[in-house]
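# Observations on chain architecture
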Amino acid sequence: MGRQTSVNKEHINIKCGIIIEKEDKILLQRNPGENYWSLPGGMMQLGEKYEETAIRGVLEETALTIETVQLFGMLSGRDCFVTNKFGEKAFILQVVFFTTEFTGKVKIKDEANREHRFYKRTNLPKNLNPQQKAFITDWKEQKPFPIIN
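Please read all numbers here as calculations on a predicted model, not as lab measurements.

So, about the pattern of salt bridges. In the structure shown here, the tally under the stated rule is eight salt bridges. One salt bridge in this structure joins Arg30 and Glu115, with 2.6 Å as the shortest N-O distance. Note that Arg30 is positioned in strand β2 (residues 25-30) and Glu115 in strand β9 (residues 115-120), a separation of 85 residues in sequence. What makes Arg30 partly exposed here is its relative accessible area of 25%. Taking the relative accessible area as the measure of exposure, Glu115 reaches 14% and is therefore buried. Taken together, the shared-partner salt bridges in this structure form one network comprising Glu21, Asp24 and Arg121.

Okay, here's the thing in structure tokens:
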């Protein structure tokens, strides 16, 4: 009899986002079909560096070219477990950068129908991405960074 193997449907991913600040406001985005707002960015591809991933993801999602970034924070641990709408489980580590230096004009809606808005510190939406809420709150409260959780 042959060995029985099981397929592991759990994945480990690294998501790199950027807190983009303009005039004391933060840029957030909402994906179609999702109720929560999150930071623009992307999933790391093999061979990429953290900064490269974040800058590429922001360009793809917002049309903004990021000039420079500094590390804002990292999230690991139990808060990184997620289950998508198809029931697939993943462990998504979060690496977040910060910038005020960018060029271009943000797309209000992009090709994937993502919605983008700048929010004031005093008027953030209540429905924030659970994996990024702590970072957005730390930005709102102007906590010193990097923040490692």
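Two strands pair when backbone bridges link them, and strand β1 (residues 11-22) and β2 are joined in this way by two bridges, in the antiparallel orientation. In the sheet register, Glu21 faces β2, and the bridge partner there is Ile26. Hairpin geometry of β1 and β2 is characterised by an intervening segment of two residues between the two adjacent antiparallel strands and by a positive phi of about 50 degrees at Glu23. As paired strands, β2 and β9 are joined by six bridges and run antiparallel to one another. Within β9, the position partnered with Lys25 by the bridge is Lys120.

Criteria and thresholds
Residues numbered from 1 in each chain as written. Predicted model: local features only at pLDDT ≥ 70, side-chain atom pairs only at ≥ 80, totals over all residues. Heavy atoms only, no water. Salt bridge = Lys/Arg side-chain N within 4 Å of Asp/Glu carboxyl O. Helix = DSSP H or I, 4+ residues; strand = E, 2+ residues; numbered from the N terminus. Buried < 20%, exposed > 50% of the residue type's maximum accessible area, 1.4 Å probe, protein only. Pairing = 2+ DSSP bridges.

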